[in-house]
Amino acid sequence: MDVASVRNAFLSTDVVCVKCFRSFVFSGVGGYLKIFDLTSTRCVKELEVFRGHKIYGIIPNEEDYILIYGSKSVKIFTFSSVQDDVLLTCIANITLEDWILAAHWISSATQVVLVTAHNVTWLWSWKVIGGLNLKRSDCHEKCILYSATICGNDWSSCVVFGGTVFREIVIWLPGDCIEGDQPVLHRLEGHDGVIFSLTWDWSSSSLCSTSDDRSIRLWTITLSEKYDWKSSSVTCSQIFYGHSARVWRSIIILDYIVSVGEDCQVCVWSRKGKLLQTLERSSSGCQWSLDFSTEHQLLVTGAGDGSIQLLPLSFNSTTPTILPVCYQNGLVESIKSHPRKLVLLSIGRIVTVTEDGTVLSGYPTIPNSWSILCKDERFSNYCLLSVAPNRRKFSLASLKGLILIKQGFITDLEHWTLEQQVENGKIWSLLWLSNDKILVCGDQGRLSIWQLPEEPGLNLMCVGRFLLPRSRERWPTCATVVCRDGKTFLLCGDRCGSLHLFHLQIPTSKEHLPADYSLSRLHGKLGSTSILEVGCLILSTGRDGVIRSISIDSKLVRMSVMSNDKMILDWVCAILPISSSLEHLLLLGFKETNMIIWSLKERRTIFQIDCGGGHRSWDCVISNSNQLEIVFVREKNIFYSLQSLDTLMKPTLQHGISSREMNCASVLYNHSASILLGGEDGSVYLCDFLDNLSGLKKKITLTSHISSVRCVCVHNKFFFTAGGRAQLKAWCVEEGFEKENSCVELASHMLKGERSSRSPPSIDPEMRYMTLCTVPSCDDDPVLYIVSGCSDGALRWQNRSVECCS
């Protein structure tokens, strides 16, 4: 008889422990220990340490011993690394009767001090062969601890800091010579919740505590002698507030404190209590753990979705993040006006227009390079300023239909100006479609495309006229030209959040043609902000904070929404491509008063500055040298920031999937390397297996379910998802650019259905689908039957025609 064996190939769960040791990162993923090489950022070792419970602590020492504890168990390993191979050998282990909260090496690694949950300390002489190798010391305070930490070089000098369930921190000496229970030396009060973590720093004699009350407290301990804890004094030197949920962990790095919590945020503080930096992640769940690699100057975090990330933190940089732009003496005073609009050119120059119509240009860091290009009262009070995709041309539009285009600024010989009247009234919007085409919007939503001349001295030529559908604010905010199967389309988003598709016909019609297809209120009512073509897909962003993937059917002249991805940003303003891949995209957006640069690949904030909010003129560009340049106007002044993307963007050691429970999984037909996952967060994830099934890589996130996803079933290239609120959805998987999969939502059905406000509900609102299966029809009948089992005990038979999508 053949014997089948099952092994764990990949585990995605809470990462509650990370530890940096030399050039490696040790992480506790469930009961598995994963070791990553910081140089190559790959996993070099995976070992199951505990079965049935998680790893909560990893403590290495200088003699290459690794202590790992979790639940009630402790194991000690020898560690060695030879080239690309890591060797771990378990040489000692012990199991206690209580939950272990902290461990500490003493006496040249021959002994280990352990603190358990009932405020008891144990001395484990792990190298003793035979005989009693455990010594117990009880505290007089009989209570449950939520956290603990230990410091000291030997048993007599060891001190225990314990965070109690009574919202206190108790300090006591387990190795004191007093018989019986050891007294509490100090009680630190002030927290309004239980204490989740304690961190001791010898260099500053400081204790850092995090709590259920969303605060972090820094305690300063004054010692008359190094280990004279009895006569020491303790004061709370600082209280930090900034997290919006419970704070799980903190570490002290030089003069800084870094904390993580339940709100997905990583906060960097000064010792004086100032919040210096906030790094936020989207849908990663709790940030459970963190550590800092001094050798690589990298912060390592572990999250509730199973991800392990590297974050750059440079504490030695003295250069400010934001620099105010300075002009040469007397330049601003001579024009008696302030900058209002600005753009960045490809050569590093800034072009700005002031309130009185003066156009200035110069380099942000060279005051003497600034000069007046022109001064035109026709552009005073109202002026639209935009820049071409190659950033070698920029245009100005006036209140009375005048357009001014300037090109050059690389050499004086290439500089030229074009001026033309294109509208009789106000120009509401001017957008660059390419380096030689602009889109102009006049009154009543009249659009016109103008071709730039190839030589100076000629006029613009109109090559297309269109009409936006009626809306409250009838002008485009973003636009692009798309080619599909030999047809050319104009795609634009308007101020009301809709997306419109126009077929560009040759010869050009003299009438303003209506839209061929529209997706109304795609981004709510706040407006679309940007459109970018990536392969065969269109990425659309808006002020609703959602990035949507759109496909265009050139035969039917229609658009379909492929996927939605909600960001942490209040609104997304621009997509910054680093390469042609979908993964290498940066999003620029705003949240409250902060401008945020977000990485789609790493799913985190890579850069953030306080600019005052998004209702201001700004521009951002990624230069050829991989530099991120940002300029914005604040309080009538121009500010400039230059950052290296190589420094900001660090790879993720392990990608996460979902921070909530997973309910269902199914492998895609004809895509054996892909799997569909659905869970309690209401999302459906399309993931790809990595090599040797060593992990999963999240490719597409589908977020249109209004409740949890309980079941998924697959039929050929179609799949069906169902779950809470008795909702059933049908999808189609298509292969697109560079064999990238894309998903189209075909239909959505709810058993509750539509009803009037007076009629009673026809079905229990808490009813949910529990399981699905498909039954193909016979012969040539284009109907696929779906059998569903529901929480009300009923078995339902439904059908879905697949003829239109097969």
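Residues numbered from 1 in each chain as written. Predicted model: local features only at pLDDT ≥ 70, side-chain atom pairs only at ≥ 80, totals over all residues. Heavy atoms only, no water.

As annotated in an unreviewed UniProt entry, the protein carries the name tRNA (34-2'-O)-methyltransferase regulator WDR6 and comes from Frankliniella occidentalis. Recorded under Subcellular location (unreviewed entry), the UniProt text for the protein is reproduced unchanged: "Cytoplasm". Annotation of the protein in UniProt includes, under Sequence similarities (unreviewed entry), the sentence "Belongs to the WD repeat WDR6 family." (UniProt positions renumbered as here; feature names shortened; annotations may be inferred.)

A.B. asks: Before we move on, could you go through the UniProt feature "repeat: WD" (unreviewed entry) in the protein and cite the residues and values that matter?
C.D. replies: According to UniProt, the feature "repeat: WD" (unreviewed entry) maps to residues 188–221 in the numbering used here. Helix makes up 0% of residues 188–221 and strand makes up 62%, while its end C-alpha atoms are separated by 11 Å. (Helix = DSSP H or I, 4+ residues; strand = E, 2+ residues; numbered from the N terminus.)

A.B. asks: Lay out the side chain of Thr721 in plain terms, naming residues and giving numbers.
C.D. replies: Tracing the backbone shows Thr721 in strand 63 (residues 718–723). A polar contact is formed between the side chain of Thr721 and the side chain of Trp731, at a distance of 2.9 Å. Setting aside its immediate chain neighbours within four residues, Thr721 contacts Val684, His705, Val709, Cys711, Val712, Gln727, Leu728, Lys729, Trp731 and Leu772. (Polar contact = N/O pair within 3.5 Å; in protein donor to acceptor, adjacent residues only side chain to side chain. Contact = heavy atoms within 4.5 Å.)

A.B. asks: Explain the sheet that holds strand 8 (residues 85–95) to me, and be specific about the residues and the numbers.
C.D. replies: Strand order across the open sheet formed by four strands is 5-6-7-8, with antiparallel pairing between neighbours. Only two strands of the sheet have a single partner each, and these edge strands are strand 5 (57–60) and strand 8. Strand-to-strand twist in this sheet, taken as the mean axis angle between neighbours without regard to direction, amounts to 25 degrees. In the sheet, strand 5 pairs with strand 6 (residues 65–70) via four bridges, with the strands oriented antiparallel. (Pairing = 2+ DSSP bridges. Axes fitted to C-alpha atoms, helices over the stretch in contact; angles between N-to-C directions.)

A.B. asks: Can you break down the pairing of strand 51 (residues 585–591) residue by residue, with the values?
C.D. replies: Judged by how many residues are buried, strand 51 sits mostly within the fold: six of seven residues are covered. The sheet contact formed by strand 50 (residues 571–577) and strand 51 spans six bridges and is antiparallel. Following the sheet pairing, Leu576 is matched in strand 51 by Leu586. With antiparallel pairing between neighbouring strands as the criterion, strand 51 and strand 52 (residues 594–599) make up a hairpin whose turn holds two residues, including Glu592 at a positive phi of roughly 55 degrees. (Buried < 20%, exposed > 50% of the residue type's maximum accessible area, 1.4 Å probe, protein only.)

A.B. asks: Which residues make up the pairing of strand 40 (residues 461–467), and what values do they have?
C.D. replies: In this sheet, strand 40 lies alongside strand 39 (residues 446–451) in antiparallel orientation, the contact comprising six bridges. Its bridge partner being in strand 40, Ser448 is matched across the sheet by Arg465. One ladder, built from two bridges, connects strand 40 with strand 44 (residues 513–514); its direction is parallel. Paired with Leu467 across the bridge in strand 44 is Pro514.

A.B. asks: Which residues make up the pattern of salt bridges, and what values go with them?
C.D. replies: Scanning the model with the defined rule gives 27 salt bridges in all. As a salt-bridge pair, Asp14 and Lys54 come within 3.1 Å of each other at their nearest N and O atoms. Remark: Lys54 occurs in the loop between strand 4 (43–48) and strand 5 and Asp14 occurs in the segment before strand 1 (15–21); sequence separation between them is 40 residues. Overall, the relative accessible area of 25% leaves Lys54 in the partly exposed class. Across the pair Arg271 and Asp255 runs a salt bridge, and its minimum N-O distance is 3.9 Å. Residue Arg271 is located in the loop between strand 23 (265–270) and strand 24 (275–280), and its partner Asp255 is located in the loop between strand 21 (247–253) and strand 22 (256–261); the two are separated by 16 residues in the primary sequence. Assessed through its relative accessible area of 51%, Asp255 is described here as exposed. The network of salt bridges with shared partners includes Arg136, Asp138, Lys142 and Asp181. (Salt bridge = Lys/Arg side-chain N within 4 Å of Asp/Glu carboxyl O.)

A.B. asks: How would you sum up the packing of aromatic side chains? Please name residues and give values.
C.D. replies: Aromatic rings in a pair are described by how distant their centres are and how their planes are angled relative to each other. What the rule picks out here adds up to 24 aromatic pairs. Ring centres of Trp105 and Trp126 lie 6.3 Å apart, and the angle between their planes is 75 degrees; on these two criteria the pair is classed as edge-to-face. Placement of the pair is Trp105 in strand 9 (residues 100–106) and Trp126 in the loop between strand 11 (120–124) and strand 12 (134–138), with a sequence separation of 21 residues. For the pair shown, Trp105 and Trp126 are each scored as buried. When the ring of Phe632 is compared with that of Phe639, the centres are 5.7 Å apart and the planes differ by 20 degrees; the resulting orientation is stacked. Like Phe632, the residue Phe639 is buried in the burial classification. The structure contains a cluster of three or more aromatic residues connected by ring pairs, namely Phe21, Phe24, Phe26 and Phe79. A cation sits over an aromatic face here: Arg349 above Tyr363, 5.2 Å from the ring centre. One Lys or Arg, Lys426, reaches over the ring of Trp428 and ends 3.8 Å from the middle of that ring. (Phe/Tyr/Trp six-rings, centres within 6.5 Å; stacked < 30°, edge-to-face > 60°. Lys NZ or Arg CZ within 6 Å of the ring centre and 35° of its normal.)

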